Amino acid sequence: MKFPKAHTLKQIAHLISTEYIGADDFPVLGMNEIHVVESGDIVFVDHPKYYGKALESAATIVLINKKVDCPEGKALLISDDPFRDFNKLTLHFKPFQSSDSAISQTVKIGKNTIIQPNCFIGNNVVIGDNCIIHSNVSIYDDTIIGDNVTIHAGTVLGASAFYYKNRTEGYDQLKSGGRVIIENNVDLGALCTIDKGVTGDTIIGEGSKLDNQIQVGHDTRIGKKCLIASQVGIAGCVIIEDEVTIWGQVGITSGITIGTKAIISAKAGVSKSLEGYKSYFGVPADDFRSKYKEIAAIRKIPEILEKLKNL
């Protein structure tokens, strides 16, 4: 997430009342999670296990809960609670804006696009040409939708990320300031839920087709011409490359990559990254050849046990 204008390290430190290490005028251009940071971004880290990853990332400002040696060319913000202060920055630069109408006055809608009754379209949404948005669709603020997109009834674009910190008093949500982007020629079925990024974008690539009742988590990126059947659940920060086929009721864990033209059969549980150009099934999902060998071995267990009894 980039800020509307550049800020200085001193200004950011003042906003969240923290100490800092670095020049007062050190430039701060935005804030992002570790997997999408760029030069000029703030990244937060609050566990020693991940200090190295954050300090060595592309981010040039690290919001951290301990004074450490500052890498050359970078700056530190020293906070007793980086999670809390990252939320403060999100709420400052992306505050919640209430709506006073079903379709915001700031929405941009393209030519020949049809919006059916009872839809909600939030602030600063952009919808392209020749789209059909069916009834009871909710499109949260800042969503971008391309041309020739169809969205069926009850789908929700832009709900908050399912991302919480477990505190003594209860779960504390990491605030979401990102967007959903739906590219050209995408079809979304009924009752799909696509969460916005925490600071980045959740993207459905050009020409992809999603069936009914699919969940797509925050910051996930689905490539071009993917085909995803009903009741698939995709966690956050997943990369699904082009022309992947995912059949019904597949569950996919966070932070993995599924390679180009992979095929995942129904009810599979995907717990690790999968190579492209292969077919997978099972829990945990594995390629067909390996899985059939595993099944064949399991079927031999009763026979092996019987032989052991007779020894």
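Fair warning: this is a prediction, and the values are worked out from it, not measured in the lab.

Cut-offs used in this document
- Residues numbered from 1 in each chain as written.
- Predicted model: local features only at pLDDT ≥ 70, side-chain atom pairs only at ≥ 80, totals over all residues.
- Heavy atoms only, no water.
- Pairing = 2+ DSSP bridges.
- Helix = DSSP H or I, 4+ residues; strand = E, 2+ residues; numbered from the N terminus.
- Contact = heavy atoms within 4.5 Å.
- Phe/Tyr/Trp six-rings, centres within 6.5 Å; stacked < 30°, edge-to-face > 60°.
- Buried < 20%, exposed > 50% of the residue type's maximum accessible area, 1.4 Å probe, protein only.

(A) Molecular detail of the sheet that holds strand β23 (residues 215-216). Taken in spatial order, the eight strands make up an open sheet running β9-β12-β15-β20-β23-β26-β29-β32, and their pairing is parallel. Lying at the two open borders of the sheet, with one neighbouring strand each, are β9 (120-121) and β32 (269-270). Inspection of the sheet shows β23 paired to strand β26 (residues 233-234) by two bridges, in the parallel sense. For Gln215, the partnering residue across the bridge sits in β26 and is Gly233.

(B) Inspection of the side chain of Thr90 at higher detail. Considering the arrangement of structural elements, one finds Thr90 in helix α3 (residues 82-93). When neighbours within four sequence positions are excluded, Thr90 is seen to be in contact with Met1, Met31, Pro95, Lys175, Ser176 and Gly177.

(C) Representation of the sheet that holds strand β33 (residues 279-281) within the structure. Read from one edge of the open sheet, ten strands run β8-β11-β14-β19-β22-β25-β28-β31-β33-β34, paired in mixed fashion. Only two strands of the sheet have a single partner each, and these edge strands are β8 (114-115) and β34 (286-287). Of the pairings in the sheet, the one linking β8 to strand β11 (residues 132-133) comprises two bridges and is parallel in character. The residue bridging Ile114 from the neighbouring strand is Ile132, located in β11.

(D) Spotlight on the packing of aromatic side chains. Tallying each qualifying case throughout the model produces eight aromatic pairs. Summarising the aromatic geometry, the rings of Phe288 and Tyr292 are spaced 5.9 Å apart at their centres and angled 70 degrees between planes, so their arrangement reads as edge-to-face. A residue pair is termed a helical-turn pair when its members lie 3 or 4 positions apart in one helix, as Phe288 and Tyr292 do in helix α4 (residues 288-299) at four residues. Residue classification places Phe288 among the partly exposed residues on the basis of a relative accessible area of 29%. An aromatic cluster is defined as three or more aromatic residues linked by ring pairs; in this entry it consists of Phe44, Phe83 and Phe86.

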